[in-house]
Amino acid sequence: MNFPLRLLVCAFCFFLGGTVALAQTQSAPLFVLNSLSDSVSVINPIDWTETRRIPTGKQPHHLYLTPDEKSVIVANALSDTLTFIDPQTAEVQRVLRGIIDPYHLRFSPDMKWFVTAANRLNHIDIYRWDGMDLTLVKRVPTGKTPSHLWIDGKSTTVYASMQDSDELVAIDLATQTLKWRTPTGLTPADIFGTADDRFLLVGLTGSDSVEVYDVSGKQPQRARVIKTGAGAHAFRALGDGRHVLVSNRVANSISKIDLQTFAVVDNYPAPGGPDCMDVSRDGKLIYVTSRWARKLTVIDMAARKVVRQVNVGKSPHGVWILDHAARH
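Figured I'd write up the structure that's included with this text. Keep in mind that this is a model prediction, so the values were computed, not measured.

Cut-offs applied
Residues numbered from 1 in each chain as written. Predicted model: local features only at pLDDT ≥ 70, side-chain atom pairs only at ≥ 80, totals over all residues. Heavy atoms only, no water. Core = buried A, V, L, I, M, F, W, Y, C linked by side-chain atoms within 4.5 Å. Buried < 20%, exposed > 50% of the residue type's maximum accessible area, 1.4 Å probe, protein only. Helix = DSSP H or I, 4+ residues; strand = E, 2+ residues; numbered from the N terminus. Contact = heavy atoms within 4.5 Å. Phe/Tyr/Trp six-rings, centres within 6.5 Å; stacked < 30°, edge-to-face > 60°. Pairing = 2+ DSSP bridges.

Of all hydrophobic cores here, the largest spans 25 residues; its most connected members are Tyr159, Leu168, Phe192, Leu201 and Val210. For this core, the element with the most residues is strand S17 (residues 199–204), which contributes five residues. Those residues in contact with Val210 that sit more than four places away from it in its chain are Leu201, Val202, Gly203, Arg224, Val225, Ile226, Thr228, Ala232, Phe235, Val246 and Ile257. The next biggest cluster of nonpolar side chains, apart from the first, holds 14 residues, and it includes Ile126, Leu149, Met162 and Leu173.

Structural data, given as structure tokens:
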């Protein structure tokens, strides 16, 4: 083979290899939890089809990636189970039983603690995680209807919103005891903490705002109220270290908040009752579940418009993609 031809063949192989690698990355499935269909929709991001539905326990609401990134955990609240799914193949790996009412879930950054919020049973469970199994350390009674969780960067404190008693509580992880509780606005839902652990943002689903709390002292202080839109609910970091998104379920919009100024700097249309979100690795697309429309909605941030919708099951809630932007 002469040199020019050999060079051409090498170049083609390099191109083909890069194309295959790109396709493999892009073809990792998207997961959408269908809370009232008791299933997970598996979506192919190449042709945007729902390839299959994975049966789960009753009422899956939220999901979380294990620290080793080998499993996506789906919390099935009414079945008292966790379903572990392979993020690459969408195959069910195992089902862990006896996890009481896991509505929301979160790992601590040091990977030692796993925490669940029992939304209907009014308690928070704190487990030790050894990389494979969970051991219940303490069941902590809380206010009415614990909803969402956040754990600080030092893995010392878990924060939880109480959606029916309108409170925010803090629990010390080392002692599993309540540190404080403070009243909030109406129906607090998701929580997001700033990188320095000083501020917590709380979405008020019963209002049109996000409350900002300074939690750097012994007692929390409400520092700011950010008006976003009716039904402020779930957060997702944009991945640039400065901005966070909040879905406004009633207003059918998503607001972009600057974490340095605590001001809304942009808004995006999100029809059908937007709920949980994920963001593409390049920060260009928002994937959001449209809770009342039974769809996954894809939003182009630069164009500020919906570019795709995919039919899924009843009451889609959590959403997760493998090729995502940083979550902090």
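Attention shifts here to the packing of aromatic side chains. All chains considered together, the criterion is met by 10 aromatic pairs. On the numbers, 5.9 Å between centres and 40 degrees between planes, the contact of Tyr159 with Trp180 is tilted. On the criterion of sequence distance, the pair formed by Tyr159 in strand S13 (residues 157–162) and Trp180 in strand S15 (residues 177–183) is long-range, its members being 21 residues apart. Judged by relative accessible area, Tyr159 falls into the buried class, the value being 7%. Summarising the aromatic geometry, the rings of Phe199 and Phe262 are spaced 5.2 Å apart at their centres and angled 75 degrees between planes, so their arrangement reads as edge-to-face. Residue Phe199 is found in strand S17, and its partner Phe262 is found in the loop between strand S22 (253–258) and strand S23 (263–269); the two are separated by 63 residues along the sequence.

Here we take up the pairing of S22. For S22, the tally of buried residues reaches six of six residues, placing the bulk of the element in the interior. Across six bridges, strand S21 (residues 243–248) lies against S22 in antiparallel orientation. Across the sheet, Val246 pairs through a bridge with Ser255, a residue of S22. Two successive antiparallel strands, S21 and S22, enclose a turn made up of four residues, where Asn252 displays a positive phi of approximately 55 degrees. As paired strands, S22 and S23 are joined by six bridges and run antiparallel to one another.

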